[in-house]
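Next come the chains, spelled out residue by residue.
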Amino acid sequence: MGGKRRGAPGGTYDEDFTFVSPVVKYLLFIFNFIFWVISMVMVSIGVYARMMKQAETALACLSVDPAIMLLVVGILMFIITFCGCVGSLRENICLLQTFCISLTVIFLLQLVAGILGFVFADKARDKVTKIINKAITYYRDDIDLQNLIDFGQTEFACCGGVAYTDWSSNVYFNCSMQNPSRERCSVPFSCCVITKSKMVINTMCGQGMQTLEYSEAATYIYTNGCIDKLVNLIHSNMFLLGGIAMGLAIPQLVGILLSQILINQIKDQIELQRYNLKHRSDPWS
């Protein structure tokens with residue numbers, strides 16, 4: 001390994017010997033640098049999206065704003081990967097330990113959240129229902145949220161949280177007689193059943209759908225809520241979701257493993273430097 005074994009009688013190390021592997025060091029740096037760039041892109045998109053929103057409506061729906069979620073995840077990823085990048089290049093134990101501990105905590109939180117979500121499925125469903133209902137309330141106030149809801153309803157062929165009548169919680173679609181909106185008792189266009197046979201698409205197909213009975217409304221719109229569709233999708237794709245979860249966990253485990261290996265190598269290198277310094281200052285030992 002470039003020098004005599006430590007602890008041997010009269011043994012010393014070669015001055016050029018190092019425990020720190022360049023492969024581990026730069027592999028960890030490249031690993032973090034890739035995710036660091038991704039985090040900067042996420043933060044940039046989140047900041048741009050927030051700046052494009054009107055101030056009064058932007059503050060009203062922070063908890064369901066996709067831009068805020070993107071910003072929070074991006075900033076958190078930026079800080080963690082920055083510690084990993086600088087820590088690996090500078091061989092800084094403190095930064096590497098911060099990176100390793102952060103990844104470990106995030107991994108454990110994800111694991112606990114997955115287990116609790118599976119064990120307490122009913123409570124998790126209620127929480128998701130509240131989030132979706134709140135998102136419906138701010139549907140017209142946030143263009144990003146509106147696009148996200150429209151995409152979900154179109155892809156899952158659903159309407160509202162539990163049923164299409166959930167759209168009455170939105171001020172524009174509310175069915176009360178005092179509502180002056182032209183969309184009173186309606187649902188968004190993304191709820192509509194669009195058939196390929198129609199040459200001209202009626203974008204007003206959701207008009208007045210909340211006043212119709214379930215069976216009658218089903219002719220024109222999706223009447224089932226998105227929560228049931230989502231639950232059925234999860235149950236029918238458990239193996240696929242498990243594979244995705246493993247795919248997300250593997251980079252975290254690789255980062256934890258590489259950082260821990262590098263930390264141990266740096267500690268061994270520090271001990272080696274102390275050993276050589278001691279024997280240079282005391283040649284008779």
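Residues numbered from 1 in each chain as written. Predicted model: local features only at pLDDT ≥ 70, side-chain atom pairs only at ≥ 80, totals over all residues. Heavy atoms only, no water.

**A look at the pattern of salt bridges**
Then step 1. Following the criterion strictly, the structure yields three salt bridges and no others.
Then step 2. With its nearest N and O atoms 2.5 Å apart, the salt bridge here joins aspartate 228 to arginine 125. Here the residue aspartate 228 occupies a position in helix H8 (residues 226–236), and arginine 125 occupies one in helix H5 (residues 121–137), the gap between them amounting to 103 residues.
Then step 3. Judged by its relative accessible area of 32%, arginine 125 is partly exposed.
Then step 4. Among the salt bridges present, the one from arginine 140 reaches glutamate 183, with a minimum N-O distance of 2.4 Å. Taken together, the residues arginine 140 in the loop between H5 and helix H6 (143–156) and glutamate 183 in the loop between H6 and helix H7 (214–217) connect sequence positions 43 residues apart.
Then step 5. Looking at glutamate 183, the relative accessible area reads 23%, which means it is partly exposed. (Salt bridge = Lys/Arg side-chain N within 4 Å of Asp/Glu carboxyl O. Helix = DSSP H or I, 4+ residues; strand = E, 2+ residues; numbered from the N terminus. Buried < 20%, exposed > 50% of the residue type's maximum accessible area, 1.4 Å probe, protein only.)

**Thoughts on the UniProt feature "transmembrane region" (unreviewed entry) in the chain**
Then step 1. Sequence positions flagged by UniProt for "transmembrane region" (unreviewed entry) are, in local numbering, residues 26–48, 68–89, 95–121 and 239–263.
Then step 2. The span residues 26–48 shows a helical share of 100% and a strand share of 0%, and its end C-alpha atoms are spaced 33 Å apart.
Then step 3. Regarding residues 95–121, the helix share stands at 96% and the strand share at 0%, and the terminal C-alpha atoms are separated by 38 Å. (UniProt positions renumbered as here; feature names shortened; annotations may be inferred.)

**Remarks on the side chain of serine 259**
Then step 1. Residue position: serine 259 is located in helix H9 (residues 238–281).
Then step 2. Assessed through its relative accessible area of 0%, serine 259 is described here as buried.
Then step 3. At 2.9 Å, the side chain of serine 259 and the backbone oxygen of glycine 255 are in polar contact.
Then step 4. Looking at serine 259, its side chain comes within polar contact range of the main-chain oxygen of isoleucine 256, at 2.9 Å. (Polar contact = N/O pair within 3.5 Å; in protein donor to acceptor, adjacent residues only side chain to side chain.)

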